[in-house]
Amino acid sequence: KQEWEARSSTRADELVALAETIKLLNDDEALELFKKTLPSPAFLQTKVSMAAVRRRAEHALAAARGSATGRNDPRLDLVMLALKGHSKNFDKVLKMIDEMVTLLGKEQSDDDAKKVYCEGALDQTEDEKKALERQIEDFEKSMADAKEGIATLTEELAALAAGIQALDKAVAEATETRKEENAEFQETMAANKAAKEL
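Scoring rules and cut-offs
- Residues numbered from 1 in each chain as written.
- Predicted model: local features only at pLDDT ≥ 70, side-chain atom pairs only at ≥ 80, totals over all residues.
- Heavy atoms only, no water.
- Helix = DSSP H or I, 4+ residues; strand = E, 2+ residues; numbered from the N terminus.
- Buried < 20%, exposed > 50% of the residue type's maximum accessible area, 1.4 Å probe, protein only.
- Contact = heavy atoms within 4.5 Å.
- Areas by Shrake-Rupley, 256 points an atom, 1.4 Å probe, with all protein chains shown as cover.
- Patch = residues over 30% accessible without salt bridge, like charges linked within 9 Å, V, L, I, M, F, W, Y side chains within 5 Å.
- Salt bridge = Lys/Arg side-chain N within 4 Å of Asp/Glu carboxyl O.
- Lys, Arg positive; Asp, Glu negative; His and termini not counted.
- Charge placed at Lys NZ, Arg CZ, Asp CG, Glu CD.
- Polar contact = N/O pair within 3.5 Å; in protein donor to acceptor, adjacent residues only side chain to side chain.
- pLDDT = per-residue confidence, 0-100.

Enquirer: Looking at this structure, I do not really get the overall build of the chain. What am I missing?
Expert: Summing up its helical and strand segments, the chain has 5 helices and 0 strands in all. The order of α-helices and β-strands along the chain, N terminus first, is α-α-α-α-α. Per-residue burial over the chain gives 17% buried out of 198 residues. Across the chain, every contact between residues at least 6 apart in sequence was considered, and the portion connecting residues at least 24 apart equals 70%. Of the accessible surface of the chain, which amounts to about 15,500 Å², a share of 59% is contributed by carbon and sulfur atoms.

So, in structure tokens, the structure goes:
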């Protein structure tokens, strides 16, 4: 966001500098002032007024070039080169400045559209991140519940295994007791049968 604000501020400075340059080059008041102060249009006086206009335009462009993005902008360098040249007609320079203003306006609108898109994408990403964090929390709670259930089942299985071992031991003891009782019963029956035969 800071980079965006810096670019927007720089672009605004460039547009102001270009607007001032165009105003200086096309200003009717400046022309009237020149006509009043210079009554006879001598070659030397015309050249001096053009030089003054050039100096003002160069100063405005230098201010625009001093901004962060203007330093590496070849379009500003091209306008500056045209101003420093010795051509007497500013039509090409004015056309270049108008094209640059149009281009900067288009770039600004593109940047604004990109900013809106990026902010929307950031909001969507933050919403997705929050949803994923909620899912992670739910999964962690489910895992904790599952671990607790596993611990409970493990305890129940241990208790059942102990119960089975105790039951096996009781069955073994009961079987041994029955065998002993059966053996006694058989002896008693055999003794009774022998006693009857006697």
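Enquirer: Before we go on, may I ask you to explain a negative patch on the surface in this structure?
Expert: Together, Glu119, Asp123, Glu126, Asp127 and Glu128 make up a region of like negative charge exposed at the surface. Along the chain, Glu119 turns up in helix H5 (residues 91–197). Assessed through its relative accessible area of 34%, Glu119 is described here as partly exposed.

Enquirer: So what exactly am I meant to see when it comes to the pattern of salt bridges here?
Expert: Oppositely charged side chains are able to pair whenever their charged atoms sit close together. Taken as a whole and judged by the stated rule, the model has 4 salt bridges. Between Arg7 and Asp111 there is a salt bridge whose closest N-O contact spans 3.1 Å. Residue Arg7 is found in helix H1 (residues 2–26), and its partner Asp111 is found in helix H5; the two are separated by 104 residues along the sequence. Since its relative accessible area comes to 34%, Arg7 is described here as partly exposed. The exposure class assigned to Asp111 is buried, which follows from its relative accessible area of 8%. Each of Arg7, Arg11, Glu107 and Asp111 takes part in one network of salt bridges that share partners.

Enquirer: Can you help me understand the side chain of Arg11 in this one?
Expert: Mapped onto the fold, Arg11 is located in helix H1. Engagement of the side chain of Arg11 in a polar contact is seen with the side chain of Asp111, the distance being 2.8 Å. Beyond its immediate sequence surroundings of up to four residues, Arg11 is in contact with Leu104, Glu107, Gln108 and Asp111.

Enquirer: Sorry, what's going on with the confidence of the model for the chain here?
Expert: Any residue range with low pLDDT should be treated as having predicted coordinates unsuitable for detailed reading. Confidence along the chain averages 79 in pLDDT terms, with 68% of residues attaining 70 or more. The least confident element of the chain is helix H3 (residues 43–65), whose mean pLDDT is 62; the most confident is H5, at 90. In the predicted structure, residues 41–48 sits below a pLDDT of 50 and forms 4 contacts with residues beyond four places in sequence or in another chain.

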